[in-house]
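# Summary of the model geometry
The chain contents come next:
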Amino acid sequence: MGQFSGGCSWSFPILVLLGFQVATALARGPRGEALQHGQSGTLPRFLEEPVDAYIIKSNPIKLRCQARPALQIFFKCNGEWVHQSQHMSQEHTDVVTGLKIREVMINVSRQQVEDFHGPEDYWCLCVAWSHLGTSKSRKASVRIAYLRKNFEQDPQGTEVPLNGMIVLHCRPPEGVPVAEVEWLKNEEPLNVGDDGVISQRGDHDLIISEARLSDSGNYTCVASNIVAKRRSATAMIVVYVNGGWSSWTDWSACNVRCGRGVQKRSRTCTNPAPLNGGAFCEGMSVQKSMCNTVCPVDGSWGEWSEWSVCSSDCDRQRSRECTAPEPKHGGRLCDGVALAAENCTGGLCTQNRKLLHDAKPQGVERTSDVALYSGLAAGVVTVVLLIIAVTLYRRSQSEYGVDVIDSSALTGGFQSFSFKTSRQANPLLINSSMQPDLTVSRTYTSPICFQDSIDKELMAEHSLLNPLPDLKTKGATERAEYHVMSHPQTFPRGLAPDYRGVAVGTTLGRRGKNLFTPRVFQTLSRPLHKATAVFGHAGGRLVVPNTGISLLVPHGGIAEDTTWEMYMSINQEDSSTVPEDGAEIFLSPTVTYGPPGLDLSSPIAMTIAHCAEVAADNWTIRLKRHIQDNKWEEVMSVDEESTSCYCLLEAQRCHLLLEQPGRYALVGEALNQEAAKRLRLAVFGSPDPSNSLGFTLRVYSVDDTPYAFQEVVVGERRRGGRLLEEPKIMLFKGNTFSLQVSIQDVPRLLWSIKPFTTCQEFSFSQVWASNRCPLQCAFSLERYSLSTSQLSCKISVRQVTGEEQILQIYTSVVENEKGVAPFFTQSDCTITSQTGSKAFKIPPSIRQRISATFDTANANGKDWQLLAQKLHIDRNLGYFACQESPSSVILSLWEAQHQDAGDLDSLASALEEIGKVQSPREAATFGCSKEDSELTRLG
C-alpha cells in the first residue's frame, strides 16, 4: 500500500494538526465550550470497524469503516497510510443526533497480500479525526483462503464384533480457515450424538461405543471451508457376529432294536448364526453315544406234566407252562395250548364198571385192528414218496446237491499277474526328470476297461471236482458276450433306448432269444459318460469307462424268458445342484441306472467312487435319491441299518445294493472342522500359441474321483496340454480356510512371469463344492531367448493353516516332434459291458454250490451269517435276511468289491476258515461224521 504522492504526502497531516490546534484554542473559550457540546464535542466513535477477511482465489475483498463525529477517516495497512485515491468515502447526517457520519471503504487484492512479507498476517485499521482528536479501530487481518487436497490421516476400515467399540480417526487437510469435518455413512450425512451411541471428539474422530449390525457400512470423512470440500478415502466397517450353538436336541432312539447300538443328538450353529464373516461355532454339531436296547425274549413252553388219572368221562389231561423262558420285554407268547386232553385207552378207563374192551363186541375189535394196520401202511408209503420227491427236487435245483465247501475249486485256474513299471511308465508324463526304477513291481488293476480274463469255464472240471466223485458236472457252459456302445441306428425302429423314464428293452420270448443285435461301433472321441447293454438271465456287468462307476446284474436276477436293455449314466447337469440342506455337499458323481420299470428278483450292485476322507468319524454320509424338481430324498445313512438297501463304504468308493432304479448320489455333512475331502492336484503345460516365447502352466484342483479327473484330461487333450508331474492327493479340511496356489523358484535370469500373478487363491466355498466344475489357475511365463528349452520350478498348493503339497516341474518347453503322448493307454476303450459268466469272478457253478450250502443253516452252524462274517461283512445283516438267497446277494457284493482283483484268494481263504469252524456239538464229541470230515478236508 503506497502513501500519498507528491506534496500532498506531507501537507495533509500538517493541515490536520493545525486544525486540531485551532479547535483546541477555541475550546478553551466560551465558544469552545459550546462546540464541545455540539458537533465537535466528542472524539470519533466507530460505528463499524473492519473485520477479518479471506481472499478466495483471485477475488479482492473490501474493508469497511464507519465513525461519528468524524472529519476524516483513513486506512492504515501494515503500518503505512493508504493513498487517498484508494479510499471510497461518503458522508451523511444522523437525523436523530444531527451528527455527521462518515463511511470509508478500500479494496485489498490477492497480489497485495502475497507481496507482503512480515512477521504477522497482512492487517489494516481505520484512523478517524475530529476536533477533539483521533480514534483507531481494531486491526483486521487479511489472509488468502485455501484447503489442501490430501488428508493428514484417512479413516481405516475394520471388522469389529457385535457390541464392540469402533473408532475412526480423521485428520483433515491443512487449510485457511480451518476446515470443518462431517461424516458420511453410505453417502448420507451421519447424525452424530442423536442416539448417544455415536459421538465425535474434538479431534474429529468418530466413536461408536457399542457397534450394532446396522452400523456396518462405508464411512467417509468430509472436510470443507469457504474455499473447497475434500473427501477422505472410504472406510468399510463390518460388524460381524460369531456363531453360537443352540441347545442340544433330545437323544434319538437307539438305532438298533436289540443289543448294542448308537444314539445321537445334535445342535446347530444358529444361536446366533455366523454373520458377516463371523467365526463358526467350535466343537461338534453331533454327539454319539453308545446305547443298549433290551432284546425281547420270546416265550417257550416247558415240559409237559404227567398224564392225570383217567376220569369217569374216559379222558385224561396234562399241562405245561410258558416258562422256559417266560416272554419278556415285548417278546411273543408261546404258540399252542397249555392244556391237552385225550381219551383213555388200554383198559385204564371203565364204563358201567366194565373194562372198555370187554364192553365192545368182537366184530368191532377186528375192524379196529384192520383200520390200524391200514393206516400204518399208508403212512409208511407216504413218507417214502415224500423223501423221494424231496431228493428229486433238490437235484433239480442244484446240480451238485450236497453241502460242500471247497476252496480249492475257487483258486484252481486263476492267477494274479504283475509286471515291472517305473515312474516313466506313466504315459501322462512328458520329459520326466527321474530315471526308471527297474526294481519296482506294481500290479495294475483298473475299473476303466475290462481285461482279457482267463476263461473260467475252460478250467479242468476234474481238477475242481476230484474230491467229490459222486457229483456230476454241467454239460454245457454259458458263453460270455462283450458288448460295446452301439450306434443308435443299429436298434430296430421304435425300440431305441429311451432314457427319459420309459421302460424299454423288455422283450418276452423263448429262452435265449433277444430282439437286439447291436453292431460294433467304435469312436475315439471324448470318454463316454453313458453305457447301455442288453442283459438276460445270465446277468453281467456294466461300466462307464474311466469314471470308477460300475453296475453288476447278478446271475439269475432276470427271469429266463426276459431280457432288459439297461443303462447307466453320469448326470452332468446335476453336478451343480446342491442338496436342499446347505450343510451337505456332493461326495460322488450323480449316477442314474434304469430303465424305471426294471423288475429283478435280486438287487443289483453299484460301485461309486467318492472323495471323502472316512478314516476318522468326521462325516455323516447319506445316500440320496433324486425325486423331481431338483429335490432329493434320503434313502439311508451309511452308519445306520436299513432293509431297503445296503451300503458298504470303503476308503475311495462305495458299494451299493439297490432294488429300485433311479438317480443316486452320495452326500456328506461335516460334523466338525476336521472333516476332510480328498483333492487331486495336477499341473499341465503347453506353449502359448500367441507368443513363441511363452509357456503356460495350468494347475487343477478336482475331487479325487476318476470321473472328475477325466474331465480335466479331456479338456487338456483338446488344447494339447501335457501332464508335467504325477498328480498328488491333498486333504482339504472343512475349517473355512481358503486354498492358495503359488509358483516358486522360477529361474529369473531365463524366465519372466506376469507381475501380481505368482500367488492365486480360491475361496473355501469354491473348493468345498468343487464338484461343480474343476478349479483351475494359470501361470503365464515367457522366456527371454529361444535358446532356453528347459523350465524348472515348483508349484505350491496349500490350505491356509492346513496341508501343503509341492508339484515339482522339470520339463522341456520345445514341442515334441513325435506329438503329444496320450493321457491314458485305456482312454480309447469302448467296451462298456460284459454278459454271461465272463462278467463274474466266481464261475456260476461254484456260485450255485456256495449258495446252496449256506442259504440254509446246518448242524455245524455254517450258514450265510458265518459267510458274511468271514468276508468282513459284519453290519446291517438284517438286509440279507430279507433276501430270498442271502448267500447269493453276499457274493454279488463280494464281486463288486473285488472287480479289480485278478484272483479269488480272499474268497478261497474265507471258505477255508469256514471249513475249520467246529460247532459246540462237534467239540463235545470225540469223532466227526464222515460228511463233516470231508468238508473240513476240502475247506
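Being a predicted model, the structure only gives us computed values, none of them experimental.

## Some remarks on the overall build of the protein
- The helix and strand tally for the protein stands at 16 helices and 53 strands.
- Taken over 939 residues, the protein has a buried fraction of 41%.
- Once local pairs closer than 6 in sequence are excluded, the contacts in the protein between residues at least 24 apart make up 71%.
- Put simply, the protein shows about 50400 Å² of open surface, and 51% of that area lies on carbon and sulfur atoms.

## Focus on the environment of serine 885
- Summarising the element assignment, serine 885 is placed in the loop between helix H12 (877-881) and helix H13 (886-897).
- Linking serine 885 and phenylalanine 854, residues 31 residues apart in sequence, is a C-alpha distance of 9.2 Å.
- Here serine 885 is in contact with Ser851 and Asp855, once residues within four sequence places are set aside.

## Description of the packing of aromatic side chains
- Evaluation of the coordinates by the stated rule reveals 14 aromatic pairs.
- A ring pair is formed by phenylalanine 74 and tryptophan 129, whose centres lie 5.5 Å apart and whose planes are at 75 degrees; its orientation type is edge-to-face. Of this pair, phenylalanine 74 sits in strand S4 (residues 72-77) while tryptophan 129 sits in strand S8 (residues 122-129), placing them 55 residues apart in sequence.
- Take tryptophan 129: its relative accessible area is 11%, and that puts it in the buried class.
- When the centroid spacing of 5.7 Å and the interplanar angle of 90 degrees are considered together, the rings of phenylalanine 116 and tyrosine 122 count as edge-to-face.
- Phenylalanine 116 gets classed as partly exposed once you look at its relative accessible area, which sits at 25%.
- One aromatic cluster is present, built from ring pairs that chain together Trp619, Phe732, Phe764 and Trp768.
- In this structure, arginine 316 is placed above the aromatic ring of tryptophan 307, and the distance from its NZ or CZ to the ring centre is 4.5 Å.

## With respect to the side chain of histidine 610
- When you line up the elements, histidine 610 lands in the loop between strand S37 (604-609) and strand S38 (619-626).
- Engagement of the side chain of histidine 610 in a polar contact is seen with the backbone oxygen of glutamate 650, the distance being 2.9 Å.
- In contact with histidine 610, not counting residues within four places along its chain, are Leu587, Ser588, Leu649, Glu650, Ala651, Gln652, Arg653, Cys654, Leu666, Arg678, Asp704 and Thr705.

## Side note on the pairing of strand S50 (residues 775-783)
- The alternating pattern of S50 places Leu775, Cys777, Phe779, Leu781 and Arg783 on a buried face and Gln776, Ala778, Ser780 and Glu782 on a face that is not buried.
- In the sheet, strand S44 (residues 694-703) pairs with S50 via eight bridges, with the strands oriented antiparallel. Looking across to S50, one finds that arginine 698 is bridged to alanine 778.
- Where strand S48 (residues 751-753) meets S50, three bridges bridge the pair, whose relative direction is antiparallel. Residue pairing across strands places serine 752 opposite glutamate 782, the latter belonging to S50.

## Describing the sheet that holds strand S6 (residues 88-93)
- Read from one edge of the open sheet, four strands run S1-S3-S7-S6, paired in antiparallel fashion. At either margin of the open sheet sits one strand with a lone partner, and together these are strand S1 (45-48) and S6. Between one strand axis and the next, the sheet turns through 25 degrees on average, direction left out of account.
- Of the strand pairs in this sheet, strand S3 (residues 61-68) and strand S7 (residues 100-108) are connected by seven bridges, and their pairing is antiparallel. Across the sheet, the residue bridging to arginine 64 is methionine 105, located in S7.

## Remarks on the state of the cysteines
- This model, assessed by the stated rule, comprises eight disulfides.
- The partner cysteine of cysteine 65 in its disulfide is cysteine 126, sulfur to sulfur 2.5 Å. With a gap of 61 residues between them, cysteine 65 in strand S3 and cysteine 126 in strand S8 connect regions that are remote in the sequence. Taken individually, cysteine 65 and cysteine 126 each receive the classification buried, so the pair is uniform in this respect.
- Shown here is the disulfide that connects cysteine 322 with cysteine 334, its sulfur atoms set 1.8 Å apart. Residues cysteine 322 and cysteine 334 are joined by a disulfide whose S-S torsion is about 75 degrees; by sign, that bridge is right-handed. Placement of cysteine 322 in the loop between strand S23 (315-319) and strand S24 (339-343) and of cysteine 334 in the loop between S23 and S24 is noted, with a sequence separation of twelve residues between them. Across the pair, cysteine 334 and cysteine 322 agree in class, each one buried.
- Not part of a disulfide, cysteine 654 finds its nearest cysteine sulfur in cysteine 647, a span of 3.0 Å.

Parameters and conventions
- Residues numbered from 1 in each chain as written.
- Predicted model: local features only at pLDDT ≥ 70, side-chain atom pairs only at ≥ 80, totals over all residues.
- Heavy atoms only, no water.
- Helix = DSSP H or I, 4+ residues; strand = E, 2+ residues; numbered from the N terminus.
- Buried < 20%, exposed > 50% of the residue type's maximum accessible area, 1.4 Å probe, protein only.
- Contact = heavy atoms within 4.5 Å.
- Areas by Shrake-Rupley, 256 points an atom, 1.4 Å probe, with all protein chains shown as cover.
- Phe/Tyr/Trp six-rings, centres within 6.5 Å; stacked < 30°, edge-to-face > 60°.
- Lys NZ or Arg CZ within 6 Å of the ring centre and 35° of its normal.
- Polar contact = N/O pair within 3.5 Å; in protein donor to acceptor, adjacent residues only side chain to side chain.
- Pairing = 2+ DSSP bridges.
- Axes fitted to C-alpha atoms, helices over the stretch in contact; angles between N-to-C directions.
- Disulfide = S-S within 2.5 Å.

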